[in-house]
2 protein chains.
Amino acid sequence: MNIALLGYGTVGKSVAELLTKQDIGITIKKILRRPGAAAGPLMTDSFDEILADPDISCIMEALPGKEPALGYIRDALRAGKHVVTSNKAALAADFPTLLSLAKEHNVSLLYEASCGGGIPWLENLKKAARLNKITALSGILNGTSNYILDKMDTEGCTFEEALKDAQALGYAEADPTADIGGFDVYNKALISCSLAYQTPICTDFPVCGIEKLTKEILNSFHAKSKSLRLMMLSVRKDNHYAVGVAPVVLPSNSIEANVHLNYNCASLTGDLVGELKFYGQGAGGYPTADAVLQDLLQIRDNTAQPVCLDQKLLYDDGLLTGTGYFADGKILSGKSLAELTALAHQSNVFMAFEPDPA
Amino acid sequence: MNIALLGYGTVGKSVAELLTKQDIGITIKKILRRPGAAAGPLMTDSFDEILADPDISCIMEALPGKEPALGYIRDALRAGKHVVTSNKAALAADFPTLLSLAKEHNVSLLYEASCGGGIPWLENLKKAARLNKITALSGILNGTSNYILDKMDTEGCTFEEALKDAQALGYAEADPTADIGGFDVYNKALISCSLAYQTPICTDFPVCGIEKLTKEILNSFHAKSKSLRLMMLSVRKDNHYAVGVAPVVLPSNSIEANVHLNYNCASLTGDLVGELKFYGQGAGGYPTADAVLQDLLQIRDNTAQPVCLDQKLLYDDGLLTGTGYFADGKILSGKSLAELTALAHQSNVFMAFEPDPA
């Protein structure tokens, strides 16, 4: 199988390296780079050239950010090419349409690397959803924010010190807004919920970040044997669901409170299988490339299962309720995460959410 | 697809119930029960009748213990029927032969439910092993012993009290030897290592149980912020590997030390993907039936990947070294788990193993 690689950053380079080292019957025929950077025998700066090449049956998209990636994915599917992508921003921007396009053109669209890096989260979620009614999702899906929270936890440093350290290690971008503001997790939550509930997901759900967390707030939770993790949370009841992203208050002896460094951990609850958790490296060249290669093997072997968002579930804020702990000392119980998040944004203070027991 | 069910205990009944509720194109045509118990329209006590039925293309084996299950699996594969089994004892007794038989007769043999109940552990391990060199495995794979250890941990009760409680809840058998002695984990370790290293596994590896654990020993680890879990441990280096089962000393803030109740958690380390962990219900009717149905769907869709134990790895005790803490106060460092286990058996005292850092 001949593929084209779009993008040659950390993920693209690792995919290229592994496909050169291991002969799994998948060959890179072209690599798209930005104009000026396309120097090398396989490299091009023309996406049209790739699209027009009948020998290329699959596109591996590993560009940064939503555009031009989203346009390329759409065009590739319309041209009857399979697509593998690691790009959560592009996927989340138009997930139902992309899945429909893949179905319409009878090709596969796979995206394991987009949520949880090397963790086989989405594939296992899809499989669980075939047989189970998924009743809840949750997960630590951003390594940067987890690194910051864990470092503040275990070393007692400030938010700023922990962020600086994450940036020095290459975990956090120069502009860390997407990571610490919860917007990266928003994209992953949207993709995960779509697969879990097989329905188009409401794009306007609450997102609360950790930007305003202080050492003192964290210590006050510590004193009560609790920890904080930035998480996606989702609940489904009959044909309603809620989803949100927030710093979540957890017992110190929970699995999530013991997810350290930049690791991720995603959970599903099914009516048959119960609770499953998947833990691993949520980013990094080789782990992410491993997820990409697993997708490519499915396309090579023609074993990918198509996904249909053909259920009609309704979004209902009221399913996700709990207690909000605000940095100004306010504690509000029995409120929805949406209400609490709106209040936190309004008053511009940190808020941690403790979900009501299921 | 028409299947026959062998056995009608917790797993068999749950599989039958789910296949009746959900139409996934899989129909139970016959159910084998022991002579005298076969009352009902689908029931029979003749395995030969099932074997001779050309309409039955797949056998789901859920009998207790090694025999007659192992003989039935062999006969079914030889007759060109696919086999799904939840029976770790039968599998572990002759795993390389069973895999060869499946290959020879061009049928699938799947066994997700045999290790870790509802957790998709083996399938993900197989997939990881396609692309990664697996360098380590570990796991809590026995819910009964984990329940006992966790209960002693969190409630400060004695081993006997915790065991009685596990028996009352139906987690432990009247004779709990296989669970607390580590022999159940032995079978799962053998199956897991076979898939990880793609080689026939040495059947004579160290197994150390938790039968002789006392409250006082556990408290002495607690005082050092450590916990105990009964685990499979395995390490691979180049073409050598070691494997064993023992009560393992863990930091209290590790994931495994925070696996509570009767949950399981299995881990792999790959040279690309890094560490992955899979957590969930390791037993129970519905979770196990979910794993069985996932296997059946693979057979229905013809997507099962054949497994070949065609690598030639050598067993080497010396790869798995650490410190043994003996109940009589002896502490031995830098020894292999095999040596320490032999000593524990010889002197008939409890031993906990703390692996050397990798």
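Residues numbered from 1 in each chain as written. Chains lettered and ligands numbered in written order. Predicted model: local features only at pLDDT ≥ 70, side-chain atom pairs only at ≥ 80, totals over all residues. Heavy atoms only, no water.

J.: Sorry, what's going on with the overall build of chain A here?
T.: Within chain A one finds 13 helices and 15 strands. The C-alpha atoms of chain A give a radius of gyration of 21 Å, which matches the 21 Å a tight globule of 358 residues would have. With the C-alpha coordinates of chain A rotated into their principal frame, the extents come out at 60 × 45 × 35 Å. Burial status across chain A gives 60% buried among its 358 residues. In chain A, the share of contacts with a sequence separation of at least 24, taken over all contacts with a separation of at least 6, comes to 68%. Here chain A displays about 13500 Å² of accessible surface, and carbon together with sulfur accounts for 50% of that area. The averaged location of the 41 negative side-chain charges in chain A is 2 Å from the averaged location of its 31 positive side-chain charges. (Helix = DSSP H or I, 4+ residues; strand = E, 2+ residues; numbered from the N terminus. Rg over C-alpha atoms; globule rule 2.2 N^0.38 Å. Buried < 20%, exposed > 50% of the residue type's maximum accessible area, 1.4 Å probe, protein only. Contact = heavy atoms within 4.5 Å. Areas by Shrake-Rupley, 256 points an atom, 1.4 Å probe, with all protein chains shown as cover. Lys, Arg positive; Asp, Glu negative; His and termini not counted. Charge placed at Lys NZ, Arg CZ, Asp CG, Glu CD.)

J.: Explanation requested: the interface of chain B and chain A in the structure shown.
T.: By a widespread convention, an interface's size corresponds to the accessible area lost as its parts come together. Counting residues at the interface gives 40 residues for chain B, matched by 39 residues for chain A. Here chain B packs against chain A, burying approximately 3300 Å² in sum over the two surfaces, 55% of which is carbon and sulfur. The largest share of the area that chain B buries against chain A comes from B:L131, B:L272 and B:Y279, three residues that together contribute 21% of it. On the surface where chain B and chain A come into contact, there are 14 residue pairs in polar contact (both at pLDDT 80 or more). In terms of residue count, helix α12 (residues 285-301) of chain B provides more of the side of chain B that touches chain A than any other element does, 8 residues in total. Considering only residue class, the side of chain B that touches chain A consists of 18 nonpolar, 15 polar and 7 charged. Pairing analysis gives 3 bridges linking strand β11 (residues 274-281) of chain A to strand β11 (residues 274-281) of chain B, with the strands arranged antiparallel. Within β11(B), the residue paired with A:F278 across the bridge is B:F278. (Buried area = accessible area lost by both parts, 1.4 Å probe. Polar contact = N/O pair within 3.5 Å; in protein donor to acceptor, adjacent residues only side chain to side chain. Nonpolar A, V, L, I, M, F, W, Y, C, P; charged D, E, K, R; others polar. Pairing = 2+ DSSP bridges.)

J.: Mind showing me how you'd approach the sheet that holds strand β1 (residues 2-6) of chain B here?
T.: Sheet strands line up and pair through hydrogen bonds in the backbone, either parallel or antiparallel. All names here are of chain B. Strand order across the open sheet formed by 6 strands is β3-β2-β1-β4-β5-β6, with parallel pairing between neighbours. Both outer strands of the open sheet, β3 (43-44) and β6 (109-110), are each paired with one neighbouring strand and no more. Here 4 bridges tie strand β4 (residues 58-61) to strand β5 (residues 82-85), and the two strands are oriented parallel to one another. Counterpart to C58 in the pairing with β5 is H82.

J.: Looking at this structure, I do not really get the layout of surface pockets. What am I missing?
T.: One simple way to see leftover space: roll a probe sized like a water molecule over the atoms. All names here are of chain B. Space inside the largest pocket adds up to approximately 1400 Å³. As for the largest pocket, its lining consists of 48 residues, of which V11, L63, P64, K88 and E173 are closest to the centre. For the lining of the largest pocket, the secondary-structure elements that each account for two or more residues are α1 (10-21), α4 (88-93), α7 (143-155), α9 (177-180), α10 (183-197) and α12. When the residues that make up the lining of the largest pocket are grouped by side-chain class, the tally is 17 nonpolar, 22 polar and 9 charged. (1 Å grid on protein atoms, 1.4 Å probe; cavity = no way out; pocket = protein on both sides within 12 Å on 5 of 7 lines; lining within 4 Å. Points joined across faces, edges and corners; volume = space filled by probe spheres on them.)

J.: Before we go on, may I ask you to explain the sheet that holds strand β5 (residues 82-85) of chain A in this structure?
T.: All names here are of chain A. Judged by pairing direction, the sheet is parallel, and its 6 strands sit side by side in the order β3-β2-β1-β4-β5-β6 without closing on themselves. Taken across any chain shown, the strands that pair with only one partner, and hence form the sheet edges, are β3 (43-44) and β6 (109-110). Judged from the 2 bridges that link them, strand β2 (residues 27-32) and β3 form a sheet pairing that is parallel. Within β3, the position partnered with I31 by the bridge is M43. Of the strands in this sheet, β1 (2-6), β2, β4 (58-61), β5 and β6 touch helix α3 (residues 69-78), which is tilted by about 155 degrees from β5. (Axes fitted to C-alpha atoms, helices over the stretch in contact; angles between N-to-C directions.)

J.: Got a minute to help me understand unusual backbone geometry in this structure?
T.: Generally, phi is negative for residues other than glycine and the peptide bonds are trans, each holding for most cases. Residue and element names in this part refer to chain A. Here the amide bond leading from E67 into P68 is cis, since omega sits at 10 degrees, within 30 degrees of zero. Here P68 is to be found in the loop between β4 and α3. Residues other than glycine seldom take positive phi values, yet D238 does so here, at roughly 50 degrees. Looking at the secondary structure, you find D238 in the loop between β8 (226-237) and β9 (240-251). Looking at D238, the relative accessible area reads 52%, which means it is exposed.

J.: Looking at this structure, I do not really get α3(A). What am I missing?
T.: Three or four residues apart is the spacing at which side chains of an α-helix point the same way, because the helix has 3.6 residues per turn. Residues and elements named next belong to chain A. Counting buried residues along α3, 7 of its 10 residues qualify, which places the element largely inside the surrounding structure. Every buried residue of α3 is listed here: A69, L70, G71, Y72, I73, A76 and L77. One or two positions beyond α3, positive phi appears at G80, with a value near 80 degrees.

J.: I tried to follow the environment of B:K13 on my own but got confused; where do I start?
T.: All names here are of chain B. Here K13 is to be found in helix α1. Relative accessible area serves as the criterion here: at 44%, K13 is assigned to the partly exposed category. Each C-alpha atom, one on K13 and one on L296, is 16 Å from the other, the two residues being 283 residues apart in sequence.

J.: What should I look at first to understand the packing of aromatic side chains in this one?
T.: Aromatic ring pairs: the centre-centre distance and the angle between the two ring planes describe each pair. All names here are of chain B. Within this structure, the stated rule accounts for 19 aromatic pairs over all chains. Their ring planes at 55 degrees and their centres at 5.9 Å tell us that W121 and F278 sit as a pair that is tilted. Of this pair, W121 sits in helix α6 (residues 121-131) while F278 sits in strand β11; the two residues are 157 residues apart in sequence, bridging distant segments of the chain. Residue class for W121 comes out buried when judged on its relative accessible area of 0%. Looking at F278, the relative accessible area reads 1%, which means it is buried. Taking 5.4 Å as the distance between ring centres and 85 degrees as the angle between the ring planes, the aromatic pair formed by F221 and Y325 counts as edge-to-face. Placement of F221 in helix α11 (residues 215-222) and of Y325 in strand β13 (residues 321-326) is noted, with a sequence separation of 104 residues between them. Judged by relative accessible area, which is 2%, F221 ranks as buried. A relative accessible area of 17% means that Y325 is categorised as buried. (Phe/Tyr/Trp six-rings, centres within 6.5 Å; stacked < 30°, edge-to-face > 60°.)

J.: Is there a simple way to explain the relation of the copies chain B and chain A in this structure?
T.: One chain copy maps onto the other through a rotation about an axis and a shift parallel to that axis. Rotating chain B by 180 degrees and moving it 0.0 Å along the rotation axis overlays it on chain A with an RMSD of 0.0 Å. Such values leave the two copies arranged in the relation of a two-fold axis. Closest approach to the rotation axis among the C-alpha atoms of chain B is made by B:F278, whose C-alpha sits 2.5 Å away. By residue overlap, the copies meet face to face through one surface: 98% of the interface positions of chain B are interface positions in chain A. (Least-squares fit on C-alpha atoms with pLDDT ≥ 70 in both.)

J.: When you look at the pairing of strand β15 (residues 351-355) of chain B in this model, what are you seeing that I'm missing?
T.: The two faces of the sheet receive side chains in turn, since in a regular strand these alternate between them. Residue and element names in this part refer to chain B. Most of β15 is tucked away: 4 of the 5 residues are buried. Across 5 bridges, the pairing between β13 and β15 is antiparallel. When the sheet's bridge partners are listed, G322 is paired in β15 with P355.

J.: Got a minute to help me understand the packing of α7(B) against helix α8 (residues 159-168) of chain B in this structure?
T.: Between two packed helices, what matters for the description is the angle formed by their axes and the separation of those axes. Residues and elements named next belong to chain B. Between α7 and α8, whose axes approach to 9 Å, the crossing angle comes to 130 degrees. Taken together, the axes of α7 and α8 are oblique relative to one another. Of the two possible hands of crossing, α7 and α8 adopt the one that is right-handed. Seen from α7, the contacting residues are T144, Y147, I148, K151 and M152; seen from α8, they are F159, A162, L163, D165 and A166. Tallied by class, residues from the contact of α7 with α8 come to 7 nonpolar, 1 polar and 2 charged. (Parallel < 35°, antiparallel > 145°, perpendicular 65-115°, else oblique. Left-handed = near helix turned anticlockwise from the far one by under 90°.)

J.: Help me out: how do you make sense of α10(B) in this one?
T.: All names here are of chain B. With 15 residues, α10 should reach 21 Å at 1.5 Å per residue; the first-to-last C-alpha distance of 21 Å fits that figure. Buried residues dominate α10, accounting for 14 of its 15 residues. Looking one or two residues past α10, Q198 carries a phi angle of roughly 55 degrees, positive in sign. (Expected span 1.5 Å × (residues − 1).)

Keep in mind these numbers describe shape, not what the thing actually does.
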